[in-house]
Amino acid sequence: MNFLLRFVVFCLDPLGLGRRFLIRPTLNLAWNVYDRVRSKADEKVGTVRELVLRLGLIAFAVVLIIWLAVFMYAAFYYVFMPAISHTRPVHMQFKTCLETSTPCTFPHAHVSLTKKQQLLMVGQAYKVIVNIDMPESPQNLELGMFMVCAEMRDYDSMLRGHSCRSAMMRYRSPLIRMISTWALSPLYVLGWKEEFQQVPVEIFSRYLEERQHPITDVYVEIQSQKIQFYTVTLHIVADFTGLRYIMFNWPVLSAIVAISTNLFFILVIFLLSWYHWSDAKWLHSVQIKYARLTKSLEPGVILSKTSSLRDDDDLFAYGDKSDIADVGGDTLSDVDADDLVLVKKSGSGKDATQDSLRKRHSKKTTADH
């Protein structure tokens, strides 16, 4: 197959001019164009990937910052805001009399708020309200006023609060009662409405919880033997003031302001951190100082420094001795040389000292002769 192909090419172009001046330049030009297009495509792909990566990192950072701001506000709201209200049913008890159908004792009840954990928040004021659903019976209309008392006790059954409040049903004249009965009679017939009044009795207006003695039990008593009621419930409602009042009554506005504030501070911290860590000059200088400090604290380096200092002293002394030996042309003893070195170190610049040394040298040469 290759032989046939070569034979055909030789027949078409026996001298090779077409391959040399036409085919090869065309192939080279096409290959160069292909390389350029491919390199540009690779650069574009690289830039697009880098752009997508940067956009992804920016989107991730924005989502993370927003989520962190929302989480901080939610955590603050959960820790700072207590439960709005606590409701417990009150099951009244009394002793009946055999002679009459009325109770012989006052209706009373024990309400257990919690067993282990603390129910109310320390430092928060609470309203303790007893709601009594009383039917508009002739006996209740003739009852008049009555007293409702409550006691707050901790887990050791120690008394932490006691209060009594008076209450009575709302008065309505017979005419108003008759008109309202005729107007609401379809609802009464269908059972969608009943003839009763809910009498709220506020026992404590601002009760404060103690950290060492949390309230666990409440004792309620209605001081009337002729009262008639359907149900009795105990409501403990938080009385918000200040920031809690704003957060409770305007939740959307407070959430927007708080999350925006969190975003501002988080962005400031993020930008300062990014600017601080992007400039690595201070970090490089700290690394260099740390490396020098650790190198200077190595024991081998300290010993080498001390030994080098000693060698320098010896060389200095040796140099001084050789210089002194050159004076007068003769070699001096080590003792005289050492004396001269000491004198030279202490004050070689003084004329008096040099004269004394010359005299000692001349005396020694005379004695040798």
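Procedures and definitions
Residues numbered from 1 in each chain as written. Predicted model: local features only at pLDDT ≥ 70, side-chain atom pairs only at ≥ 80, totals over all residues. Heavy atoms only, no water. Helix = DSSP H or I, 4+ residues; strand = E, 2+ residues; numbered from the N terminus. Buried < 20%, exposed > 50% of the residue type's maximum accessible area, 1.4 Å probe, protein only. Contact = heavy atoms within 4.5 Å. Areas by Shrake-Rupley, 256 points an atom, 1.4 Å probe, with all protein chains shown as cover. Pairing = 2+ DSSP bridges. Axes fitted to C-alpha atoms, helices over the stretch in contact; angles between N-to-C directions. Patch = residues over 30% accessible without salt bridge, like charges linked within 9 Å, V, L, I, M, F, W, Y side chains within 5 Å. Salt bridge = Lys/Arg side-chain N within 4 Å of Asp/Glu carboxyl O. Phe/Tyr/Trp six-rings, centres within 6.5 Å; stacked < 30°, edge-to-face > 60°. Disulfide = S-S within 2.5 Å. Polar contact = N/O pair within 3.5 Å; in protein donor to acceptor, adjacent residues only side chain to side chain. Core = buried A, V, L, I, M, F, W, Y, C linked by side-chain atoms within 4.5 Å.

Caption draft 1: Structural context of the overall build of the chain. Each helix and strand counted, the chain has 11 helices and eight strands in total. With 369 residues in all, the chain has 22% of them scored as buried. In the chain, the share of contacts with a sequence separation of at least 24, taken over all contacts with a separation of at least 6, comes to 75%. About 27500 Å² of surface is accessible on the chain, with carbon and sulfur atoms providing 64% of the total.

Caption draft 2: Region of the structure containing the sheet that holds strand β6 (residues 196-208). Pairing in this open sheet of four strands is antiparallel, and the strands run β1-β8-β3-β6 from one edge to the other. At either margin of the open sheet sits one strand with a lone partner, and together these are β1 (85-90) and β6. Between one strand and the next, the sheet's axes are offset by a mean angle of 20 degrees, whatever the strand orientation. Pairing of strand β3 (residues 125-135) with β6, which is carried by 10 bridges, proceeds in the antiparallel orientation. Across the sheet, the residue bridging to isoleucine 129 is glutamate 202, located in β6.

Caption draft 3: Region of interest: a nonpolar patch on the surface. On the surface, Phe76, Leu243, Tyr245, Ile246, Trp250, Leu253 and Val257 cluster together into a nonpolar patch covering about 690 Å² of accessible area. Listed by contribution, the elements that provide at least two residues to the nonpolar patch are α6 (243-249) and α7 (251-278). Sort the elements by how many residues they give to the nonpolar patch and α6 lands first, with three residues. Structurally, leucine 253 can be placed in helix α7.

Caption draft 4: Seen up close, the packing of aromatic side chains. Taken as a whole and assessed by the stated rule, the structure comprises eight aromatic pairs. For the pair phenylalanine 76 and phenylalanine 80, a centre-to-centre distance of 5.1 Å together with 10 degrees between the ring planes defines the contact as stacked. You can see phenylalanine 76 and its partner phenylalanine 80 sitting in helix α2 (residues 17-80), four residues apart, about one turn around the helix. Note on phenylalanine 80: relative accessible area 23%, which makes it partly exposed.

Caption draft 5: How the structure looks around the state of the cysteines. Summed over the entire model, instances satisfying the criterion amount to one disulfide. In this model cysteine 149 forms its disulfide with cysteine 164; the gap between the sulfur atoms is 2.0 Å. Because the sign of the S-S torsion sets the handedness, a value of about 115 degrees for the bond joining cysteine 149 and cysteine 164 places this disulfide among the right-handed ones. Of the two residues, cysteine 149 sits in strand β4 (residues 146-154) while cysteine 164 sits in strand β5 (residues 159-167), which places them 15 residues apart along the sequence. A relative accessible area of 5% places cysteine 149 in the buried class.

Caption draft 6: Main features of the pairing of strand β8 (residues 232-238). A one-sided burial pattern is seen for β8, the buried positions being Val232, Leu234, Ile236 and Ala238 and the unburied ones Thr233, His235 and Val237. As judged from the six bridges shared by β1 and β8, these two strands associate in the antiparallel manner. Its bridge partner lying in β8, serine 85 is registered against valine 237. Here β3 runs beside β8; their pairing, made up of seven bridges, is antiparallel. Looking at the pairing, isoleucine 129 lines up with histidine 235 of β8.

Caption draft 7: Local environment of the side chain of glutamine 197. With respect to the helices and strands, glutamine 197 occurs in strand β6. In terms of polar contacts, glutamine 197 uses its side chain to reach the side chain of glutamate 136, at 3.0 Å. When near neighbours in sequence (up to four residues on either side) are disregarded, glutamine 197 contacts Ile132, Asp133, Met134, Glu136, Met169, Arg170 and Arg172.

Caption draft 8: Region of interest: the pairing of β4. As judged from the eight bridges shared by β4 and β5, these two strands associate in the antiparallel manner. Counterpart to methionine 147 in the pairing with β5 is serine 166. Counting the residues between successive antiparallel strands, the hairpin from β4 to β5 contains four residues, one of them, serine 157, with a positive phi of roughly 60 degrees. Alignment of β4 against strand β7 (residues 215-223), held across eight bridges, turns out to be antiparallel. Note that in β7 the partner of arginine 153 across the bridge is aspartate 217.

Caption draft 9: Highlighting the nonpolar core. In terms of nonpolar packing, the biggest core is built from 37 residues, with Phe146 and Val148 touching the most fellow members. Where this core is concerned, the elements lending two or more residues are β2 (108-112), β3, β4, β6, β7 and β8. Those residues in contact with valine 148, other than ones at most four positions away along the chain, are Val130, Ile132, Ser163, Cys164, Arg165, Val201, Ile203, Val220, Glu221 and Ile222.

Caption draft 10: Structural detail: unusual backbone geometry. Look at serine 157: it is not a glycine, yet its phi comes out positive at around 60 degrees. Residue position: serine 157 is located in the loop between β4 and β5.

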